[in-house]
Each structure stands twice: as C-alpha cells, then as structure tokens.
Amino acid sequence: MRNLVGTLLGAGALLAATSARAQGVDEFGAYGGLENHGYIRSKQEVAFEVRFGPYRPNVDQGVAGSPYKTIFGDDTRWQGGAELDWQIYRIPKLLSLGPGFGFGYTHSAATAPLASGDGMSAQETTLGIIPMHLVAAFRFDYLADRTPIPLCPYAKLGLGYALWWSSIGEHSTEVDHKPGRGASYGYVWALGVFLRLDPLDSSAAANADASLGINHAGLFIEWFNSSLNGFGTNSGMEVGTNTWVAGLGLEI
Amino acid sequence: MSLRPRLSTALLASATLLLAGGAQAQATNTTASIYLKNNNEGVVRVHSDAYPLYLSLNQFNQRNCIDNEYVTFNVDIRGGPAVTGAYHLEAWIGTACDMRSSRVGNSASCYNVGIAGQSVERMEIAVRNLVGPLSTSGGGDDTGGTGGTGGTGGTGGTAGLGDTGGTSGLDTGGTGGTSSSLGGDTGIAGTFGNGGTDSSSAGTFGTAGLFPYIIPGGSGGNGTAGTGIKPLAETAGTEGDTTTTESGLDGPESAADVQPISVCATTVNTTPLSRTLYFVLVDGDGNAPPAASSWFAKWPYNYDMGGPSAPTGVTAGIGESALVMKWAQAPDAPIDLKQYIFLCDPPPGGGSASEAAAGAAGQGGEDSAEEEMPPISDELCKSNVFTEGQVPTVDVLKNNVCGNVQSTSTGGEAGPLANGVRYAVAMASRDSYWNVGPISNVTCNTPELVTDFYEAYKMAGGHGGGGFCAIGRVKTHALTTLFMLGALGLIARRRARGTRRGQS
C-alpha cells in the first residue's frame, strides 16, 4: 500500500513539476510535458463519428409476406453516415452525457419482376432511406481516463426518424395516386464501445490536442437498433434496422 | 503659397488638351474606317432550326447550312462621301484576308462571300458560303467551269404519308454544270436526282445517293413528306463534276453565288472548326484606302457540319411504359458529343399500337386520308420511319424522339410508351452544335407492367407512403417526445453550469 501511495505521490510530484515547465507546440511537436500522454487536455465538448455498417430495413415486419426480400433478395445493403454528440454534461475522467444527432443513407436496388410473373424486367426498382436519430448519449470515460484500458463504453437512447422513397426506372412510383415515399418514426437505442487510439502514439495525440483541439481519436463499434414503426402503430413503413455500426470517432 | 494659381494653370492646360483632342478626333473622322456594329445590331440572324437558343450567334450547324440560312451584317463605314464614293464593302473568309495578296481570286487562303455596292453598309451572307470550301479549282473570273454530267438521282423519297409519295427517284441528276458567267459552282455532282415527278409533295426530291443526310421533301397537300430530300437551291441539278469556279469578284451577289447544298454534307466536320469573316473596304482594284485607320473588320465564327457517330450495341429491355436502353459509346465519338436521343416507332405517348402508329401518319392534307403505319412485326424488327445508318429526318426528330440522356450515360429509358405495344427503337447522337448523327442499330421490344417494390409493399398490406408529410397523428407523439428530450438536455446543462459556478 505504501508503495502505491509513494508511486502516486511521485507521479503527482512529476505532474506538478511538468506543469511548471513551459509548454507548447512548435515545428518539432509538443514540448514541456504536452507530449507525455496528454495529462493536460483542452476542453472537451463534442464527439463526432463517421459511421459505416450494413443496413437491412425491417420492412417485412408488420406486413403479410416479405416484399423487401422478394424484390431485393438477401444481399447485404450498406449505410454510411455521421453523428455529432454534444457532451453538454461532463464529469472529467468519469462520464459525459448529452444529446446527439446522427444520420445516414442507404439504398437498395434490384430489377423489378414482370407483373405477369414471366420473369424479370430490365427496369430497376429502388428503395432509398435516410435514417436519422436524436439521442441522449451517455459515455463512460472512467476506464480510459483512469486505467490502462483505453475503452469507453457508451449507450444511446432516443428518437428515430427516416425519410424513404421508392422508384421504378427513372421515375418515382405510386399506388392509387399515392406516391411511394414517406417518413417513419420510432425509437432507437445503441450500445457500443469506443477504443481510444491515443496510447498508440501519445505524443501525436498530445499534438493533435494542442494544435487542433482533438482530445481523443479512436474506433468504435456499436449495436444499433431502430424501430421505426410509428411507436407500434404501423402507420409508416418500418425502415428501422438491427445492425452493427462501426467507424471512426473524434472527441473534440 | 496659394493653390489658386496652380488650379488655374491646370484648368487651362486641361482645356488646351481637350481642344487638341477634339481637333484630333475630327481629323480621324476624315479617314476611312469600317466597323462591324455591335452584335445586337451588327449581326442579325434568323435561325431556321428548332434549337436557336442552343447555338451562339456565331455558331452554325448542318441544319443552318441545309436550310440555306442567311446572316445579315451591318457595318459602319466612316470617312464621308470621299470614302464611300471611292470604296465599297467586300466580305471574305479565310486567313489574313485583310492583306491584298490574300485576296487574289478565290485563293486557298481567302474566299469572297459578298460584295456590296458603294455606300452600302449592309450585307447578307449565306451560311453555305461561310462553311463551304475556301477555294475551288477551275477557271478564273467569270469563266465558269464546264459542267459534268449529272449523276443519277437517288431513289425517291419513301412514300409520303399522304396518298402520294415519291415513288420515282430514277430521274437523272443535274443537267450538268453548264458553263456560266457565274461559274460552275452552281453544279452538284449528280448527288441529287430530281426525285419523283408524280407528286407535288413527298418524293419531289429523290434520296441522295451520296448525300448522307435525309431531310423531308416539300410538304405537300397530301401529308407530310416522307424521306425525300430537301429541294436544292436554285441551282439544283446543275453540276460541274470536276471543276467549279468562283463566281467572279465583280459579279453581283445573287442566289447563284451561294454554295451548293452539297457543301453542307461534303464539308463534314464532326468537331467544330473556326474561321474568320473579314469585311474590307476596297476600291475597284481591291486596294484598301491609303492611310485608313481601320479599313477592315473581323468576325470570328465556328461551324460544325456533321453529327456524331451512333452509339454501338444498342439494346432495349422491358420496362413499364418504357424500354430500358443500353449501349456503348462509339469509338470515334467527337469531343463535343452532347447527348443521346432515343427514337421510337410508333412514336411515344402511350395508347394502343394503332393510336401510336397513327401519330406517325403525319398531318393529312385536305384530300388525304390518314394512313396507319403497320405495327412493328414480331418476326422482323424494322421501323417504318427510321433506318440504321440514316440521319433522322426532321419529322422523325419531331415525332419519334422518346427521350434523351447526357453523353456520359450508357443506359437510359425510352418512353413514355404503351404497355403491350411492340416498338422499334434506336438511338442517335447529338453534338454541342445540335447536329444529329446517323441512327444506330434498330432493336425491338414490348413494354410490360412490372411490380416495383412499393407496389409489392402495398400489396403485402403496408400502410406507409403517400408523401413525406403523410405522417398522421404519430407526429404529435414524436414531437412531444422530442421536446421533452430537448428540455431535459437544457435542464441538465443549467444544472451543470450552476454546479461549476458554485465550485468557483
């Protein structure tokens, strides 16, 4: 125990001594302690994510048959997107909480079958979706900030909203004079973990913080669930999904 | 030191300068000079084609040439009666035509396209002259070349859509370029027959054997013309087969001075070319006024006389109310390839086959009955109105175009078409000068109903769709939740700030 305390005190003394020296960044990088693991960080306010993952909308839920699978098959469709979280409430080196907004885009396309059932046409039918979500994002920073484990688990919960549209050939489709496009609502949640890459090159991380204000950079992976069926009313097309999403994250 | 003496001196000096300048300007006005008035006034053009907005004032395409368009130029000759009484206006095209040495006959470098009388400041110049060859071989001034024998006329225009059509076409071509004071440039190398003689409408002019484009014959009372060829200019049918000559520098400008229509086809350039038109002020010997300050004016222009090659490997797949076209770009596509157009027979617009075919039957005259085109055969894929390798006629471009796409595409849809009707479809390319090239291979298919995703979804009982705003009462729940979350966020932030202030 004494050893541990001694170590901590020593570290504290070192920290104090380090902070007393001149600090900064020049053409050779950070100096005066900034280069050492980033003990001194700029203010952190937002998290930005570039997101990527498969996206298979749950259209076939809540309807008879499986129109999505019938038309588009089982091929994996992908989404790309981004998210910005405002870490409005933050306890340094422990957690952060705040609203976040994200959006993505996914597109499914396949040749449409002939109505006669005699085969396939040469015309393409599509379904485009722009899923969006407004969530409360909770990030647990304790592990990464206070232990050698560079992981930050997080959770998100909120509202989902998606615009979707369908087309046949070069035209939008319609049935009974109702256009094949709409909006869907529901809820979303996600559980994930953020892997900080700072320990790989603490000097570069310190430089990025000192010069660009990037506190942390890393990779994340999350399980994302959206149920966009109008909160159970089935009033819109269920274009939500259950999928994993991965990407690059920055905390600034 | 007061500023007033300096100011007075400066004013006096300025006044002196102004007076001197005015005197100098007056002196300049006495020198001969010529200016092309500004574009709104100096160059007046009436487009004959349907795409005037796509061409600039100084751009000419094959259609402008075939239709024998004229451009009116208005110049301003300054210098007073002493100048206008001794000098006249001439128009030349070519290189360095302001040099006297370049304006010798119709040399290889300069070609005379207009001569005006003294004091005339207006000149009409045919587009054919602007795009035609700069020089011709043959005799000198006023000698005229010996005409050759006329070629054999092409087959007559395919039967017009009325009850008479060009069935002839075996007429011999021109009568041969008779020697004339205007030179043999009036002849055309037997390219044009006189066409069918049995009709006053279609078929009046035979299809040119050598002429790569086909344009409708005169519109007769019995329906729109078939694929006859446009009447020749006044000189149609007269031809010098080997030699043509210039019209003579001092000859009056007349219709006979105009290049033959064949230049519109023989001067084929599928990429734009540039030339310069010179207006020069010269005396009877072709000499410019001495000490002229500006004795010539230039007008640069561009022309493109050939449409791009057709795309290759054109296929048509089944679509709903459409055919799905796919193709490959021609290997010799010009850099100014602008777009591809789809051609459909019967014409687009939906309806039954007979209705669609009737649309292609033309506007009948008083005594003509509408003649329905036969439906496209299931066995033989062939259009009734267009053929591979031909340049589409004006009527085909007017009636049978069923879509277009940008030149970067290799796929698109032809439509709107009627489901269940068999169509012959083809493509043609169009360049930035709005020239249309020859028709691609013709392919056939029949549009059918298809089941798209949204239809499948609705058939499965789905309730979604109807527009982005068709969200019903769910919207209120969603918005309420949204506002609640927002309020919670604000409360959390305020509490956080309060905590920080308390700590500080």
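Small disclaimer: the values here were computed from a predicted structure and weren't measured.

Here we come to the overall build of chain B. Scanning chain B from terminus to terminus reveals ten helices and 16 strands. Considering chain B as a whole, with its 504 residues, one finds that 49% of them fall into the buried category. Long-range pairs, those at least 24 residues apart, make up 74% of the contacts in chain B between residues at least 6 apart in sequence.

Before going further, it helps to spend a moment on the overall build of chain A. Each helix and strand counted, chain A has four helices and 14 strands in total. Across the 252 residues of chain A, 40% fall into the buried class. Across chain A, every contact between residues at least 6 apart in sequence was considered, and the portion connecting residues at least 24 apart equals 64%.

What follows concerns the interface of chain A and chain B. Every contact between the two is made by 48 residues of chain A and, on the other side, 40 residues of chain B. Among the secondary structure elements, those contributing two or more residues to the side of chain A that touches chain B are α2 (67-72), β6 (95-113), β7 (120-140), β8 (151-168), β11 (178-179) and β12 (181-196) of chain A. For the side of chain A that touches chain B, the element with the highest residue contribution is β7(A), accounting for seven residues. Residue composition of the side of chain A that touches chain B, grouped by class: 26 nonpolar, 19 polar and three charged.

In this section: the sheet that holds strand β15 (residues 423-431) of chain B. All names here are of chain B. A sheet is described by the order of its strands in space; here four strands give the open sequence β13-β12-β15-β16, paired in antiparallel fashion. The two strands at the open ends of the sheet, each matched to only one other strand, are β13 (401-406) and β16 (443-445). Averaged over all pairs of adjacent strands, the angle between their axes in this sheet comes to 30°, without regard to strand direction. Relative to β13, strand β12 (residues 337-345) runs antiparallel, the two sharing four bridges. Following the sheet pairing, Leu343 is matched in β13 by Val401.

Before going further, it helps to examine helix α4 (residues 202-212) of chain A. Residues of α4(A) that are buried include every one of A:Ala205, A:Ala206, A:Ala208, A:Asp209 and A:Ala210, and no others. A:Gly213 sits one or two residues past α4(A) and shows a positive phi near 80°.

All names here are of chain B. Averaged over all residues, the pLDDT of chain B is 69; the fraction at 70 or higher stands at 56%. A low-confidence stretch, residues 11-29 (pLDDT under 50), is modelled with two contacts involving residues beyond four sequence positions or located in other chains. Considering only residues more than four positions removed or in separate chains, one finds that residues 472-476, a stretch of pLDDT under 50, has six contacts. Scored as a whole, the predicted complex attains pTM 0.67, and scored at its interfaces, ipTM 0.84.

Residues and elements named next belong to chain B. Along the chain, Lys382 turns up in the loop between α7 (353-359) and α8 (394-399). According to the C-beta neighbour criterion, Lys382 is partly exposed, with 15 such atoms within 10 Å. Sequence separation between Lys382 and Asn441 is 59 residues; the distance between their C-alpha atoms is 9.9 Å. The contacts of Lys382, once residues within four sequence positions are left out, are Ser377, Ala424 and Val442.

Note the cis peptide between B:Asp345 and B:Pro346, where omega equals 5°. In this chain, B:Gly415 is followed by B:Pro416 through a cis amide linkage whose omega measures 0°.

A few words on the nonpolar core. The tendency in soluble globular proteins is for nonpolar side chains to be buried side by side. Residues and elements named next belong to chain B. Ranked by size, the top nonpolar core spans 46 residues in total, and within it Trp92, Ile125, Leu130, Phe279, Val280 and Leu281 carry the most contacts. Top element by residues in this core is strand β8 (residues 273-282). It accounts for six residues. Beyond its immediate stretch of four places on either side in the chain, Val280 contacts Glu90, Trp92, Cys97, Asp98, Ala288, Trp295 and Phe296.

Moving on, we come to the confidence of the model for chain A. Here chain A averages 88 in pLDDT, while 84% of its residues score no lower than 70. Contacts for the low-pLDDT stretch residues 4-20 of chain A, under 50 throughout, to residues beyond four places or in other chains number five contacts.

Residue and element names in this part refer to chain B. One open sheet accounts for three strands, arranged β10-β11-β14; its pairing is antiparallel. Of all strands in the sheet, those bounded by a partner on one side alone are β10 (312-319) and β14 (411-414). Averaged over all adjacent pairs, the angle separating strand axes in this sheet is 25°, with direction ignored. Sheet topology places strand β11 (residues 322-328) next to β14; four bridges connect them, and they run antiparallel. Its bridge partner lying in β14, Leu323 is registered against Ala414.

This part covers the pairing of β10(B). Residues and elements named next belong to chain B. Here six bridges tie β10 to β11, and the two strands are oriented antiparallel to one another. In the strand pairing of β11, Ile318 is matched with Leu323. Where β10 folds back onto β11 in an antiparallel hairpin, the turn is made up of two residues, including Ser321, whose phi is positive at roughly 55°.

This part covers the environment of A:Ile88. Residue and element names in this part refer to chain A. Positionally, Ile88 belongs in the loop between β4 (78-86) and β5 (89-91). The buried category is assigned to Ile88, around which 20 C-beta atoms lie within 10 Å. For the pair formed by Ile88 and Gln44, sequence separation is 44 residues and the distance between their alpha carbons is 9.7 Å.

What follows is about the environment of B:Leu449. Here B:Leu449 is to be found in the loop between β16 and α9 (453-459). The sequence separation of B:Leu449 and B:Ser321 amounts to 128 residues, and the corresponding C-alpha distance is 7.4 Å.

Rules used in this analysis
- Residues numbered from 1 in each chain as written.
- Chains lettered and ligands numbered in written order.
- Predicted model: local features only at pLDDT ≥ 70, side-chain atom pairs only at ≥ 80, totals over all residues.
- Helix = DSSP H or I, 4+ residues; strand = E, 2+ residues; numbered from the N terminus.
- Buried ≥ 20, exposed ≤ 12 C-beta atoms within 10 Å, placed from the backbone.
- Contact = placed C-beta atoms within 7 Å.
- Nonpolar A, V, L, I, M, F, W, Y, C, P; charged D, E, K, R; others polar.
- Pairing = 2+ DSSP bridges.
- Axes fitted to C-alpha atoms, helices over the stretch in contact; angles between N-to-C directions.
- pLDDT = per-residue confidence, 0-100.
- Core = buried A, V, L, I, M, F, W, Y, C linked by C-beta atoms within 7 Å.

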